[in-house]
Amino acid sequence: MRRIDLKRANVARSDTIRSINRQIVLNYVRERAPISRAEIAHETALQRSTVSLIVGELMEDGLVEEIEGESTGGRPPTLLRLRAAGPVAVGVAVGTTQTIVATSDLGGRVLEQEEFPTARNSEEMLGRVIERIRKLMKGKIRGSIEGIGVSLPGLVDYETGSALFIPYFKWRDWDVKRAVEDATGLPVVVDNDANAAALAELWFGRPEIREVRDFILVLVEEGLGTGIVFDGQIYRGEAGAAGEFGHMTIGSAAPVACASGSRDCWEAFACERTALARYEKLSRGVGPRQKVSFPQLIDRAFGGERAAQTALLRTAHYLGVGIANLIKGLSPEAVIVGGRIARAWPLIANDLKKAVAKSSICRGLPPPRINVSSLGEQPQLMGALSLVLASKFASVTTA
Ligand SMILES: [Zn+2]
């Protein structure tokens, strides 16, 4: 057991407050620019001197710059905005079928992106990723890109940047960080896709999500992953293996097997593949059999097709059952559901929340807020970019 060092805990707390204040100021500049120091102080209720101190640090770190506002008679006011646009981060979102490589500016806006099929062989995959990164960086001003973030659908050792296991491909000990750093000369941060997306939610999500310090992100994809945030930090657990709730047992004989071959896991009841398998079964005998993609399934559900709606609603029900279990164990302030399924939220939210509420009866407390992700349909990419950007935003200059 690790013992808690109280002295260190106190330092951590004051660092946490500084880091939160810095995040608040930075987010005001990002979203409300051009904005003055006085306006930030007024709206955040932070002291004027605190705001000035933080802005000074942010300018020193090259995150914020001053511009001249319009004069209303007297001296023109000094306003703040994020440092001028340009590519700052490269994000690599490795999916089970498709991979996206993109550049973004400091505010997380995607500037260029390219999508290509994921190779089934890890060496070949590295070659493809490095080739795409080089292509995106070609012609960019030297030194403008500060790092590369990689999100992976599997277990990642965050410290070493190596993928411990990617069940879908059975890749083990895939040393992504070293290989990409050697090839590009840039620092590389690697994390599990759900952790990365949770980080993106924390830094780039809607304000009502960002202000929550304890939440769980449920990332629905070909599989199902979860990212846990405690006190504004990703909880990784021993060897970075926390958050593998996709493989908790919630039943038996699911419509599909999980990435590791079990039909008992939550993932097997509530991922994109499950919804598609349910749809195929429900639509059997009703017209010609067609293979549809997950986005097409959502389109059909919105178009009023009963089988497509039912397939999504059953999947939403099982998402709710699993979420209720997480709530019982971790009691977060909020649960966020992300992935391509986010587009179907108006259809599924009600059933999902009903399943959570029903399954929460024994807990004796009302369930926390359940929101849909505000990161759009590519939370994995926003996650990969955040691995670079958040470290810039979050760095605390100790006095
Ligand atoms: Zn499993």
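Residues numbered from 1 in each chain as written. Predicted model: local features only at pLDDT ≥ 70, side-chain atom pairs only at ≥ 80, totals over all residues.

Visitor: How do you make sense of the packing of helix α10 (residues 294–302) against helix α11 (residues 306–330) when you look at a structure like this?
Guide: Two quantities define a packed helix pair, namely the angle between the axes and the distance from one axis to the other. The contact between α10 and α11 brings their axes to 7 Å, and the two run at 115°. As α10 runs across α11, the sense of the crossing is left-handed. Between α10, through L297, R300 and A301, and α11, the contact on the second element is made entirely by A308, Q309, A311 and L312. Partitioning the contact of α10 with α11 into residue classes produces 5 nonpolar, 1 polar and 1 charged. (Axes fitted to C-alpha atoms, helices over the stretch in contact; angles between N-to-C directions. Helix = DSSP H or I, 4+ residues; strand = E, 2+ residues; numbered from the N terminus. Left-handed = near helix turned anticlockwise from the far one by under 90°. Contact = placed C-beta atoms within 7 Å. Nonpolar A, V, L, I, M, F, W, Y, C, P; charged D, E, K, R; others polar.)

Visitor: Explain the domain arrangement of the chain to me, please; I cannot follow it from the model alone.
Guide: Where interface size is given, it is often the accessible area lost as the parts come together that is meant. We note that the domain assignment places domain 1 (6–82), domain 2 (89–199 + 381–394) and domain 3 (206–374) within the chain. Between the C-alpha centres of domain 1 and domain 2 there is a distance of 30 Å. If you tally residues by element for the side of domain 1 that touches domain 2, the top one is helix α1 (residues 6–32), at 4 residues. Here the side of domain 1 that touches domain 2 is built from residues that sort into 3 nonpolar, 2 polar and 1 charged. (Domains from an automatic or database assignment.)

Visitor: Can you walk me through the nonpolar core in this structure?
Guide: Grouped burial of nonpolar side chains is what soluble globular proteins tend to show. V150 and V218 are the most contacted members of the largest nonpolar core, which totals 107 residues. Here this core takes 10 residues from α11, the largest share from any one element. Sequence-distant contacts of V150, that is, excluding residues within four places in its chain, are made with V92, V94, V176, V180, V188, V190 and A384. (Core = buried A, V, L, I, M, F, W, Y, C linked by C-beta atoms within 7 Å. Buried ≥ 20, exposed ≤ 12 C-beta atoms within 10 Å, placed from the backbone.)

Visitor: Sorry, what's going on with the confidence of the model for the chain here?
Guide: Interpreting fine coordinate detail is not advised for predicted regions of low pLDDT. For the chain, mean pLDDT is 88; residues scoring 70 or higher make up 92% of the total. Counting contacts from residues 395–399, a segment whose pLDDT is below 50, to residues more than four positions away or on other chains yields 6 contacts. (pLDDT = per-residue confidence, 0-100.)

Visitor: Is there a simple way to explain the sheet that holds strand β3 (residues 89–94) in this structure?
Guide: One key point about sheets: their strands pair by backbone hydrogen bonds, in either a parallel or an antiparallel sense. Overall, mixed pairing links the 5 strands, which are arranged β5-β4-β3-β6-β10 in an open sheet. Of all strands in the sheet, those bounded by a partner on one side alone are β5 (110–117) and β10 (188–192). The average angle at which neighbouring strand axes cross in this sheet is 15°, direction not considered. With 7 bridges connecting them, strand β4 (residues 98–104) and β5 associate as antiparallel partners. Bridging across to β5, T99 finds its partner in F116. Running over the sheet, helix α4 (residues 122–137) touches β3, β4, β5 and β6 (147–152) and is turned about 25° from β4. Of the strands in this sheet, β6 and β10 are in contact with helix α5 (residues 176–184), which crosses β10 at around 155°. (Pairing = 2+ DSSP bridges.)

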